[in-house]
Amino acid sequence: MILKIAAAITLVSTLLSFTAGEILARVSSHRGFHLWFFLFLIFFEALLVLAVFERRSPIFGTIFWKGKAGKNLIALTFDDGPNEPFTSQVIDILKGQKIRATFFIVGQNAERFPGSIRQLFDEGHELGNHTWTHEVLPLKTPAQIRDELTRTSDLIEKSTGSRPTLFRSPHGWRNPWVNRVVRECGMVPVAWTLGVWDTDRPGEEEILRRTLDGARDGCVLLLHDGRGLEEGADSSQLVRALPKIIDELRHRGFEFVTLSEMIGAEPK
Ligand SMILES: [Zn+2]
């Protein structure tokens, strides 16, 4: 979906800039003017698309999206929860495997399942902030972004006594203010290395295949125990794939850490 939106924006803006360039060329007496104007707009739009939609882009501020290789670490991260009964099922699997992971919590979902975030915390998992509404951030003002972050962190702190230190933007999309507001709220902006599109429900075997094909040393793996604000979102495919993912990655020699542990484990 991200690629489609980015492609649509690029196409429309290219057409617009071409038209604007042509109009300006006709009213301008400077012959080379419209070509440079056109090239500048294309370059500017490409940068803008990259800055907003490319989760790893440093254009709107640096972001942690992978650990350095050499330590055989993988961080499992789960977005869009809590979403029962799937969050509890993921907790049970991780408990059986003695793995701690990082869960990026949507505030409105946490409001529906307050017991789940308490359970996550009690089991030693890390809770990150994934906004209150899971709406896309690029069109929001700094004050609206701050509200999304603060409400969610307040709720998590009220339930667990601990305030999140990591923030992940919905879909990884950002605008020029996101990083600044995140840091002002005392958090570190993070993205991910490998997403396997498990919310598309491609089947547990496909989720497993995509994960094993893409997992590397230092990988921040993005999985989902929910799907935006969707009530009762079916995450059963992920739940069925998860034990096999863990078994195979362990077999390959990887150790599982929380995202904060991975960030702290970065060689200086
Ligand atoms: Zn999300």
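Now for a description of the structure that goes with this document. (Residues numbered from 1 in each chain as written. Predicted model: local features only at pLDDT ≥ 70, side-chain atom pairs only at ≥ 80, totals over all residues.)

## Let's talk about the pairing of strand β2 (residues 102-105)
Test applied: Exposure is read from a count of other C-beta atoms within 10 Å of each residue's own; the residue is exposed at 12 or fewer, buried at 20 or more and partly exposed in between. C-beta atoms are placed from the backbone. Numbered from the N terminus, helices here are DSSP runs of H or I no shorter than four residues, and strands are runs of E no shorter than two. Any two strands are treated as partners once DSSP identifies two or more bridges connecting them.
Across the two faces of β2 the burial is the same, with Thr102 and Phe104 and Phe103 and Ile105 all buried. Where strand β1 (residues 73-81) and β2 come together, four bridges link them in parallel fashion. Residue pairing in the sheet places glycine 81 in a bridge with isoleucine 105 of β2. Here β2 pairs with strand β3 (residues 126-129) via four bridges, running parallel. Residue pairing in the sheet places phenylalanine 104 in a bridge with glycine 128 of β3.

## Notes on the packing of helix α8 (residues 204-214) against helix α9 (residues 236-251)
Formally: Only C-alpha atoms enter the line fits that serve as axes; for helices the fit covers just the stretch in contact. Angles between N-to-C directions range over 0 to 180 degrees. Take the far helix as the reference: if the near one is turned anticlockwise from it by less than a right angle, the crossing is left-handed, and if turned clockwise, right-handed. C-beta atoms are first placed from the backbone for all residues, and any pair lying within 7 Å is then listed as a contact. Here the term charged refers only to Asp, Glu, Lys and Arg, the term nonpolar to Ala, Val, Leu, Ile, Met, Phe, Trp, Tyr, Cys and Pro, and the term polar to all other amino acids, Gly among them.
Taken N-terminus to C-terminus, the directions of α8 and α9 make an angle of 35°; their axes are 8 Å apart at the nearest point. Our pair here, α8 against α9, has a crossing hand that is right-handed. Along its contact with α8, which presents Glu204, Ile207, Leu208, Thr211 and Leu212, the element α9 presents Gln237, Leu238, Arg240, Ala241, Lys244, Ile245 and Glu248. Residues of the contact of α8 with α9, tallied by class, amount to six nonpolar, two polar and four charged.

## Some thoughts on the environment of threonine 165
Relative to the elements of secondary structure, threonine 165 occurs in the loop between α6 (142-160) and β4 (166-167). The class of threonine 165 is partly exposed, set by 18 C-beta atoms lying within 10 Å. Taking the C-alpha atoms as reference, threonine 165 lies 9.4 Å from valine 182; in sequence the two are 17 residues apart. Beyond its immediate stretch of four places on either side in the chain, threonine 165 contacts Gly186, Met187, Val188 and Ser260.

## Focus on the packing of helix α3 (residues 86-97) against α9
Defined as follows: Here the word oblique covers every angle except those under 35 degrees (roughly parallel), over 145 (roughly antiparallel) and from 65 to 115 (roughly perpendicular).
Relative orientation of the contacting elements α3 and α9 amounts to 10°, with a least axis distance of 10 Å. Of the possible angle classes, the one that applies to α3 and α9 is roughly parallel. Facing Phe86, Gln89, Val90, Ile93 and Gln97 of α3, the residues of α9 in contact are Ser236, Val239, Leu242, Pro243 and Ile246. Split into classes, the residues belonging to the contact of α3 with α9 amount to seven nonpolar, three polar and no charged.

## Brief notes about the environment of cysteine 185
Its location among the elements puts cysteine 185 in the loop between α7 (178-184) and β5 (188-189). Taking the C-alpha atoms as reference points, cysteine 185 and proline 164, separated by 21 residues in sequence, lie 9.7 Å from one another. Beyond its immediate chain neighbours, meaning those up to four positions away, cysteine 185 contacts Arg146, Leu149, Thr150 and Ser153.

## What about the nonpolar core?
Definition in use: The term nonpolar core refers to a group of buried residues, namely Ala, Val, Leu, Ile, Met, Phe, Trp, Tyr and Cys, whose C-beta atoms join them within 7 Å.
Membership of the largest hydrophobic core comes to 51 residues, with the highest contact counts inside it found for Ile74, Ala75, Ile105 and Leu221. When near neighbours in sequence (up to four residues on either side) are disregarded, alanine 75 contacts Thr102, Val220, Leu221, Val257, Thr258, Leu259 and Met262.

## Section: unusual backbone geometry
Negative phi values dominate among residues other than glycine, just as trans dominates among peptide bonds. For the bond from glycine 81 to proline 82, the omega torsion is 0°, close enough to zero to count as cis. Within the fold, proline 82 resides in the loop between β1 and α3. Residues other than glycine seldom take positive phi values, yet lysine 98 does so here, at roughly 55°. By the element assignment, lysine 98 lies in the loop between α3 and β2. Phi at histidine 134 takes a positive value of approximately 60°, unusual for a residue other than glycine. Taking the number of C-beta atoms within 10 Å as the measure of exposure, histidine 134 has 21 and is therefore buried.

## Examining α3
What counts is decided by this rule: Each residue after the first adds 1.5 Å to the expected span of a helix. Arc definition: it is the arc formed by the directions from the helix axis to the C-beta atoms.
Compared with an ideal rise of 1.5 Å per residue, which puts 12 residues at 16 Å, α3 spans 17 Å between its outermost C-alpha atoms and is within 8% of the ideal. Burial in α3 covers these residues: Phe86, Thr87, Val90, Ile91 and Leu94. Taken end-on, α3 shows its buried residues confined to a sector of 145°, consistent with a single buried face. Count one or two residues on from α3 and you reach lysine 98, which has phi positive near 55°.

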